[in-house]
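Analysis of the macromolecular model
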Amino acid sequence: LSNLITLDLSGNMLTGKIPDEFQDITPLRFLHLQGQRDFGGFSGQLPSFENSAHLHDLDLSRNSLTGDISDKFLETVRKSKNRTDYAYPTIDLSHNMITGKIPANWDDFV
């Protein structure tokens, strides 16, 4: 998985926690895990993906993720000054059970 750029597992019957290993795939740019909720879906805390420097298209919608959005969520993407491989990230966290506020540091995305 060390060279994986795109991972699309949307619309399957996956359940449980999103594997921590997904956060360790350094070149990953597209991660689509949406649409699992009809079968239980991914559950647990929303991962931070804080070290996923190239992840710019993330769709975790229609799952059963819970908790707050971490201040470290997509931290290396937010702090990157190099936007040659993408303009701005696309993030879809809709239709989950995420609580709390959107972190103020999300201004770094623009």
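First, a word on what this report is: a plain description of the structure on this page. (Residues numbered from 1 in each chain as written. Predicted model: local features only at pLDDT ≥ 70, side-chain atom pairs only at ≥ 80, totals over all residues. Heavy atoms only, no water.)

What tends to happen in soluble globular proteins is that the nonpolar side chains get buried as a cluster. Of all hydrophobic cores here, the largest spans 20 residues; its most connected members are Leu-31, Phe-49, Leu-58, Leu-60 and Phe-73. Dropping the residues within four chain positions of it, Phe-73 is found in contact with Leu-46, Pro-47, Ser-48, Phe-49, Leu-58, Arg-78, Ile-91, Leu-93 and Trp-106. (Core = buried A, V, L, I, M, F, W, Y, C linked by side-chain atoms within 4.5 Å. Buried < 20%, exposed > 50% of the residue type's maximum accessible area, 1.4 Å probe, protein only. Contact = heavy atoms within 4.5 Å.)

Further remarks concern the pairing of strand β5 (residues 64-67). Bridging between strand β3 (residues 43-45) and β5 involves 3 bridges; their strand directions are parallel. Paired with Gln-45 across the strands is Thr-66, a residue of β5. (Pairing = 2+ DSSP bridges. Helix = DSSP H or I, 4+ residues; strand = E, 2+ residues; numbered from the N terminus.)

It is possible for side chains of opposite charge to pair when their charged atoms get near one another. A full pass over the atoms with the stated rule returns 1 salt bridge. Residue Lys-17 is joined to Asp-20 by a salt bridge in which the shortest nitrogen-to-oxygen separation is 2.7 Å. For Asp-20, a relative accessible area of 41% puts it in the partly exposed group. (Salt bridge = Lys/Arg side-chain N within 4 Å of Asp/Glu carboxyl O.)

Everything listed here is a matter of coordinates, which is why it stays silent on function.
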